[in-house]
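What follows is each chain in one-letter form.
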Amino acid sequence: MTKTPHCMLVGEGALTFARKIGFPVVQDSETLISDRSRSVYLERKHEQKKDDDRNYKKHATNDENVSSKKENALVETHDTVGVVAMDTNGHIAVSCSTGGTSHKMSGRVGDSALVGSGSFANHWGGAVCTGHGESIMKVVLSREVVRCIETGDTPQDACLKSLSKMTDLVGEKGGAGVISMDKFGKVGVAFNTRQMSWASLIDGNMKYGIDPGEELDQLI
């Protein structure tokens, strides 16, 4: 984007610009789909069709079943990778990538691509999120975490407070996790899903975990 006056390009315009500047473009998007992912997609598509047929007949949605499937989907989804980093000059940067959400409508844009939702950084701190994109976008979660840091919260408290705010606003469907770091190098990690893999590295000391409340140490 440094070669444009804009902050974001999407769709055909983005593709045209990428080709114009010689950016590598995948010719056949089908090559990005693994055999396992294709199998899981077809299985879920079949199950979704059966659910849709039942719901049309009942003229109502079983919220309990939808909630349960959403929770299971979050547990099975492990493809979001987020990083918050600070260099020796105190500059903070964030990065976020994701495989997206299955069974989405064509044209759907998730939180990872939106500054302030999937990731955000300024001179106070940085944060990166993963989880139910629509819930994250509704509260601009990563920006909310950094806003809490700006007003005096530690990164850990900021993560917990922001997740709690999201749950209050969107309900239990808002499964998400967030990592953060402030300008002093303090780290925060919080999530309201069953598990979230995370790790931090400061001055050769690595901390990591996956289950709620888990924090393991290892010298590098």
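Residues numbered from 1 in each chain as written. Predicted model: local features only at pLDDT ≥ 70, side-chain atom pairs only at ≥ 80, totals over all residues. Heavy atoms only, no water.

In the nomenclature of an unreviewed UniProt entry, the protein is known as Isoaspartyl peptidase/L-asparaginase of Acropora cervicornis. Listed in UniProt under the heading Sequence similarities (unreviewed entry), the comment for the protein reads: "Belongs to the Ntn-hydrolase family." (UniProt positions renumbered as here; feature names shortened; annotations may be inferred.)

1. Description of the sheet that holds strand E3 (residues 119-121)
Spatially, the four strands line up as an open sheet ordered E3-E4-E5-E6, and their pairing is antiparallel. Single-partner strands in this sheet number two, and they are E3 and strand E6 (187-191). On average, adjacent strands in this sheet sit at an angle of 10 degrees to one another, irrespective of strand direction. Here strand E5 (residues 176-182) runs beside E6; their pairing, made up of five bridges, is antiparallel. Paired with Gly-177 across the two strands is Phe-191, which belongs to E6. Relative to the sheet, helix H5 (residues 141-150) contacts E3, strand E4 (125-131) and E5, its axis offset from that of E4 by approximately 145 degrees. Against the sheet, helix H6 (residues 155-170) touches E5 and E6, its axis set at about 25 degrees to E6. (Pairing = 2+ DSSP bridges. Helix = DSSP H or I, 4+ residues; strand = E, 2+ residues; numbered from the N terminus. Axes fitted to C-alpha atoms, helices over the stretch in contact; angles between N-to-C directions. Contact = heavy atoms within 4.5 Å.)

2. Description of the side chain of Ser-135
Tracing the backbone through its elements, the reader meets Ser-135 in helix H4 (residues 133-139). For Ser-135, a relative accessible area of 1% puts it in the buried group. Residues within four places of Ser-135 in sequence aside, it is in contact with Met-166, Val-170, Lys-173 and Gly-174. (Buried < 20%, exposed > 50% of the residue type's maximum accessible area, 1.4 Å probe, protein only.)

3. Concerning the nonpolar core
Of all hydrophobic cores here, the largest spans 18 residues; its most connected members are Ile-136, Leu-141, Val-145, Leu-163, Met-166, Ala-176 and Val-178. Filtering out sequence-adjacent residues up to four positions away, Leu-163 remains in contact with Leu-141, Ala-176, Val-178, Ala-190, Phe-191 and Asn-192. Membership of the second largest hydrophobic core comes to five residues, among which are Val-84, Ile-92, Cys-96 and Met-181. (Core = buried A, V, L, I, M, F, W, Y, C linked by side-chain atoms within 4.5 Å.)

4. Description of the packing of aromatic side chains
Applying the stated criterion to the full structure yields zero aromatic pairs. A cation sits over an aromatic face here: Lys-183 above Trp-124, 4.1 Å from the ring centre. (Phe/Tyr/Trp six-rings, centres within 6.5 Å; stacked < 30°, edge-to-face > 60°. Lys NZ or Arg CZ within 6 Å of the ring centre and 35° of its normal.)

5. What to know about the pattern of salt bridges
This model, assessed by the stated rule, comprises seven salt bridges. For Glu-150, the salt bridge goes to Arg-143, with nearest N and O atoms at 3.4 Å. Its relative accessible area of 26% is what places Glu-150 among the partly exposed residues. Exposure remark for Arg-143: the relative accessible area of 27% places this residue in the partly exposed category. Here Glu-144 makes a salt bridge to Lys-165, at a shortest N to O gap of 3.4 Å. Highlighted residues: Glu-144 in helix H5 and Lys-165 in helix H6, separated in sequence by 21 residues. Overlapping salt bridges, with partners in common, bring together Glu-144, Arg-147 and Lys-165 in one network. (Salt bridge = Lys/Arg side-chain N within 4 Å of Asp/Glu carboxyl O.)

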